Amino acid sequence: MKSPWNILLVTPLFLLLPLRTSASPASDDSPSTRNPNGHTCLACVAVVSVIEQLAQVHNSTVETSMERLCSYLPEKLFLKTTCYLVIEMFGPDIIKLLSTDMNADVVCHTLKFCKQDPGQPLCHLYPLPKEPWKFTLEKARQIVKKSPALKYSRSSADICSLPFLAKICQKIKLAIKNSVPFKDVDSDKYSVFPTLRGYHWRGRDCNDSNKMAYPGRRPDNWDAHEDSNCNGIWGVDPKDGIPYEKKFCEGSQPRGIILLGDSAGAHFHISPEWITASQMSLKSFINLPTALTNELNWPQISGATGFLDSISGIKENSIYLRLRKRNHCNHRDYQNISRNGASSQNLDRFIESLSRDPLLDHPAIIIYAMIGNDVCNGKADPVPEMTTPKKLYSSVMKTLKYLNSHLPNGSHVILYGLPNGTFLWDNLHNRYYPLGQLNKDVTYAHFYSFLNCLQVSPCHSWMSSNKTLRNLTSERAKQLSNTLKNIATSQKFMNFDLFYADFDFQEVTEEWQKRGGEPWQLIEPVDGFHPNEVALLLLADRLWKKVELHWPQVLGKENPFNPQIEQVFGDQGGH
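Calculation criteria
- Residues numbered from 1 in each chain as written.
- Predicted model: local features only at pLDDT ≥ 70, side-chain atom pairs only at ≥ 80, totals over all residues.
- Heavy atoms only, no water.
- UniProt positions renumbered as here; feature names shortened; annotations may be inferred.
- Disulfide = S-S within 2.5 Å.
- Helix = DSSP H or I, 4+ residues; strand = E, 2+ residues; numbered from the N terminus.
- Domains from an automatic or database assignment.
- Contact = heavy atoms within 4.5 Å.
- Buried area = accessible area lost by both parts, 1.4 Å probe.
- Salt bridge = Lys/Arg side-chain N within 4 Å of Asp/Glu carboxyl O.
- Polar contact = N/O pair within 3.5 Å; in protein donor to acceptor, adjacent residues only side chain to side chain.
- Nonpolar A, V, L, I, M, F, W, Y, C, P; charged D, E, K, R; others polar.
- Pairing = 2+ DSSP bridges.
- Axes fitted to C-alpha atoms, helices over the stretch in contact; angles between N-to-C directions.
- Parallel < 35°, antiparallel > 145°, perpendicular 65-115°, else oblique.
- Left-handed = near helix turned anticlockwise from the far one by under 90°.

Looking at an unreviewed UniProt entry, the protein carries the name Acyloxyacyl hydrolase, with the source organism given as Lynx pardinus. Turning to the protein, the UniProt annotation filed under Cofactor (unreviewed entry) states: "Ca(2+)". Taken verbatim from the UniProt record of the protein, the Catalytic activity (unreviewed entry) comment is "a 3-(acyloxy)acyl derivative of bacterial toxin + H2O = a 3-hydroxyacyl derivative of bacterial toxin + a fatty acid + H(+)".

Below, the structure is given as structure tokens:
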């Protein structure tokens, strides 16, 4: 018989799969051998912390705060139902432990979601109890020693082996692994469904029963009878019998934007409201189902391919929206081929999800932006896992050769450099982490140490108190950027020209400060690592201006017929 714990974990299936492809490269290539349940421990400490802090904020009992948390969750993906099942199973133990002033670390170790392996350090987020750890833990274990919940397996490894889940699991895993839409009737790599690699990631399909109709293709017979490239421009002008696509788009040099990126390019984002008790309300989790089915990424508002209005309030737009504004014939021609944990060393596993036919499609602008995972990993000793300049050269050349055989002639490729990540520690280490703001007891330095101990950090080498390690990492990042620059200046390809652009985070920081902002406000507050939406849009602005100044041919001409397109086709079917 399956344990109740495994049956329980079936319900939030979409919650589990994104965690398997977390922003840390270690989860993709080489999971920690010391603590494979590091993410489970991290999740437990976060949830118990929220329960405890909700009780504190609302001056309520622990039981009431658990009920409150579940009431906030949406019904979609059975999230609310699952929450109540978790309460039923583990709630009594959590109530007993928190009522005796045990903190989240002690609770999660007692309930065996966290563990300290022999000879390994104790991983904890909060300050250690005043009494010795072993004494405190034994005291806590005595409190719940007769609990039936302790006999349930904490492993979720066999969830997808359940017969009724095997098929759906496999399809979702393949969609995430291969970076192609889960729902795609005609198998053209475009979808009418937003998430699970749908049109949040690449332009929405306008005919999911015809694999020859998709964003970015050259129009079939000038789209006189139907929209074959999904830009919303089709039909014939009754005044003169000329197809609108020919009239408005011929000679306008249409082109798409394609990002080859990692979690930063996909805009990895965990809302701080999800873990901040003082900010939590019924509205906090409205977007949680969407986020989970997008692998905790928000490509629809990213710097490269975002098409929705920014929720950050700044005026800058994504590269795609600027291309569309420049030429409305570019409508819906975007692809975000990014993946959590992606690097130069594993791009070959999903680059085939790129959709471009060298004969049938318009040229494209490709931005190669593997900005972190070649120097970032969660290993206890991260340095041996870093990509060397030699390995980077080999893998990037392999990628460029692939692109040369798949891109239409007249395309452009921009190689994006790596940042100097010492910015993270310098600007965040002494600030309070969201879970530590209420009681002023957890800084980002504590949070980074916790992640590193669990070996689940997205970047141990920059998110570290070890200054020598941080500087060494920045030096390697600089070497890799120089390798990319050398490739861009020395290599030639038949179907595209090649450029290099620095990752101008220092300039972006200065621009943000001119507007009255603080540097730390440019980093995702929950993971303390990724550039947030503001930073991504400011980086996009810097890149656009550089291209416009130095390589204007990359962007194509401004289409003088844009007003007429708007007059006839409005928003061109939207996104």
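After that view of the structure, there is still more to cover.
1. Focus on the state of the cysteines
Taken as a whole, this structure holds seven disulfides when the rule is applied. Linked covalently through their sulfurs, Cys123 and Cys453 form a disulfide whose S-S length is 2.0 Å. Every disulfide takes its handedness from the sign of the S-S torsion; for Cys123 and Cys453 that torsion is -80°, giving left-handed. Of this pair, Cys123 sits in the loop between α6 (104–110) and α7 (133–143) while Cys453 sits in helix α15 (residues 444–454); the two residues are 330 residues apart in sequence, bridging distant segments of the chain. Between Cys206 and Cys230 runs a disulfide, and the two sulfur atoms are separated by 2.1 Å.

2. Some thoughts on the domain arrangement of the protein
Splitting the protein by domain gives domain 1 (36–153) and domain 2 (244–569). Put simply, the middle of domain 1 and the middle of domain 2, counted by C-alpha atoms, are 35 Å apart. With 28 residues of domain 1 at the contact, the number on the domain 2 side is 24 residues. Regarding the contact of domain 1 and domain 2, the summed buried area is about 2,300 Å², with carbon and sulfur atoms giving 79% of it. On the domain 1 side of the contact with domain 2, Gln53, Tyr72 and Leu125 bury the most area, a combined 27% of that side's loss. Inspection of the domain 1/domain 2 interface yields zero salt bridges. If you look at where domain 1 meets domain 2, you find two residue pairs in polar contact (both at pLDDT 80 or more). Contributions of two or more residues to the side of domain 1 that touches domain 2 are made by α3 (38–57) and α4 (62–72). Broken down by element, the residue count for the side of domain 1 that touches domain 2 peaks at twelve residues, all from α3. Its residues assigned to classes, the side of domain 1 that touches domain 2 shows 19 nonpolar, seven polar and two charged.

3. Let's talk about the sheet that holds strand β5 (residues 496–501)
Strand pairing within a sheet occurs via backbone hydrogen bonds; the two strands may be parallel or antiparallel. Ordered by their spatial adjacency, five strands build an open sheet running β2-β1-β3-β4-β5, and the pairing between neighbours is parallel. Edge positions in the sheet fall to β2 (334–338) and β5, since each has one partner strand and no second. Taken pair by pair, the neighbouring strands of this sheet meet at an average axis angle of 15°, ignoring direction. Sheet topology note: the strand β1 (residues 256–261)/β2 ladder contains five bridges and is parallel. Counted as the bridge partner of Gly261 is Ser338 from β2. Sheet strands touched by helix α12 (residues 319–326): β1, β2 and β3 (364–369). Its angle to β1, the strand with the most contacts, is close to 170°. Against the sheet, helix α16 (residues 467–490) touches β3, β4 (411–416) and β5, its axis set at about 150° to β5.

4. Topic: the packing of α12 against helix α18 (residues 533–550)
Relative to each other, α12 and α18 sit at 45°, their axes nearing to 10 Å. Classified by the angle between their axes, α12 and α18 sit oblique to one another. Contacts from Ile319, Arg322, Leu323 and Arg326 in α12 reach Ala540, Asp541, Trp544 and Glu548 in α18. A class-by-class count of the residues in the contact of α12 with α18 yields four nonpolar, no polar and four charged.

5. A few points about the UniProt feature "domain: Saposin B-type" (unreviewed entry) in the protein
UniProt annotation of "domain: Saposin B-type" (unreviewed entry) refers to residues 37–118 when read in the numbering used here. When the span residues 37–118 is considered, its composition is 72% helix and 0% strand, and the gap between its end C-alpha atoms is 15 Å.

6. Some thoughts on the packing of helix α17 (residues 505–514) against α18
In a packed pair of helices, the relevant descriptors are the angle between the two axes and the axis-to-axis distance. α18 packs onto α17 with a crossing angle of 110° between their chain directions and a minimal axis gap of 10 Å. If you check the angle between α17 and α18, you find them roughly perpendicular. Both α17 and α18 take part in a crossing whose hand is right-handed. The residues of α18 that touch α17, namely those facing Phe505, Glu507, Val508 and Trp512, are Val534, Ala535, Leu538, Leu539 and Arg542. Looking at the contact of α17 with α18 residue by residue, the class counts come to seven nonpolar, no polar and two charged.

7. Digging into the environment of Ser353
By the secondary structure assignment, Ser353 is in the loop between β2 and β3. For Ser353 and Glu138, which are 215 residues apart along the polypeptide, the C-alpha to C-alpha distance reads 52 Å. Aside from chain neighbours lying at most four places away, what touches Ser353 is Asn178, Ser179, Val180, Lys189, Arg202, Gln335 and Ile337. Of the polar contacts made by the side chain of Ser353, one reaches the backbone oxygen of Phe350; its length is 2.7 Å.

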